[in-house]
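# Observations on the model geometry
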Amino acid sequence: MSGDSISAAILTTASVICAFAFISAVYPSVITAGDPIMSRADAMGDQILTDTAILHEMVSSDETEVCVWVKNIGCSQISSGLIDESDLFFGMSGNFERIPYDESASSTPTWSYSIEQGTDDNWDTGETLKITIKLSESYAFVNGEKYFIKFNAYNGVSEETYFTVA
């Protein structure tokens, strides 16, 4: 009888140790498998809350700058640290390029921005971003030709338009 009790105790202890070892090995894998799903869900939520609209574009009289006004019509604010991570594309229809951000406009082509109506550095809902594209002096606009502008926010939400120069 005492031998049966000892055997049962050893088997019970071994079963508990095996169960603990199995849980210790599998649990981290189950938890980390959910991380990409949660990360993607957060990114999608950010994209759903972000929306922009290009309101107007204008070419300067000397044709070295293009100003574009973009309104934040989404539900979330965009911090100033994320605005310059956005992409801007500009050029003739079918022949456009990505324009790099450069606040100092030390080279061309580059773009910079200012927040109109803003009281802080964040691009809040309802505020308008004035984007200034600095072009080289040799850039030549063609009357009647379509030009393409696409503003792609840091999270992939984009807005694009075409305009012509008269």
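These notes cover the structure that comes with them.

Here is what the cut-offs are and how they apply
Residues numbered from 1 in each chain as written. Predicted model: local features only at pLDDT ≥ 70, side-chain atom pairs only at ≥ 80, totals over all residues. Heavy atoms only, no water. Pairing = 2+ DSSP bridges. Helix = DSSP H or I, 4+ residues; strand = E, 2+ residues; numbered from the N terminus. Axes fitted to C-alpha atoms, helices over the stretch in contact; angles between N-to-C directions. Core = buried A, V, L, I, M, F, W, Y, C linked by side-chain atoms within 4.5 Å. Buried < 20%, exposed > 50% of the residue type's maximum accessible area, 1.4 Å probe, protein only. Contact = heavy atoms within 4.5 Å.

Another point: the sheet that holds strand β6 (residues 128-134). The antiparallel open sheet is built from 4 strands, whose spatial order is β1-β2-β6-β5. For this open sheet the edge positions go to β1 (52-59) and β5 (110-116), each flanked by a neighbour on one side alone. Strand-to-strand twist of the sheet, defined as the mean angle between neighbouring strand axes without regard to direction, takes the value 20°. As defined by bridge partners, strand β2 (residues 65-72) adjoins β6 across 7 bridges and the pair is classed as antiparallel. Its bridge partner being in β6, Val66 is matched across the sheet by Ile133.

Turning our eyes to something else, we now look at the nonpolar core. Core analysis: the biggest nonpolar cluster contains 23 residues, and Val66, Phe90, Ile131, Ile133 and Phe151 have the highest contact counts within it. Where this core is concerned, the elements lending two or more residues are β2, β3 (87-92), β5, β6 and β7 (146-152). Ignoring anything within four residues of it in the chain, the contact list for Val66 reads Met58, Val59, Phe90, Ile131, Thr132, Ile133, Leu135, Phe141, Ile149 and Phe163.

As summarised here, the arrangement of the 4 strands in space is β4-β3-β7-β8, forming an open sheet in which the pairing is antiparallel. Sheet topology places β4 (95-99) and β8 (158-164) at the edges, where each strand pairs with a single neighbour. The mean angle between the axes of side-by-side strands here comes to 15°, regardless of whether they run parallel or antiparallel. Two elements, β3 and β4, share 5 bridges in a ladder whose sense is antiparallel. Directly across from Phe90, in β4, lies its bridge partner Glu97.

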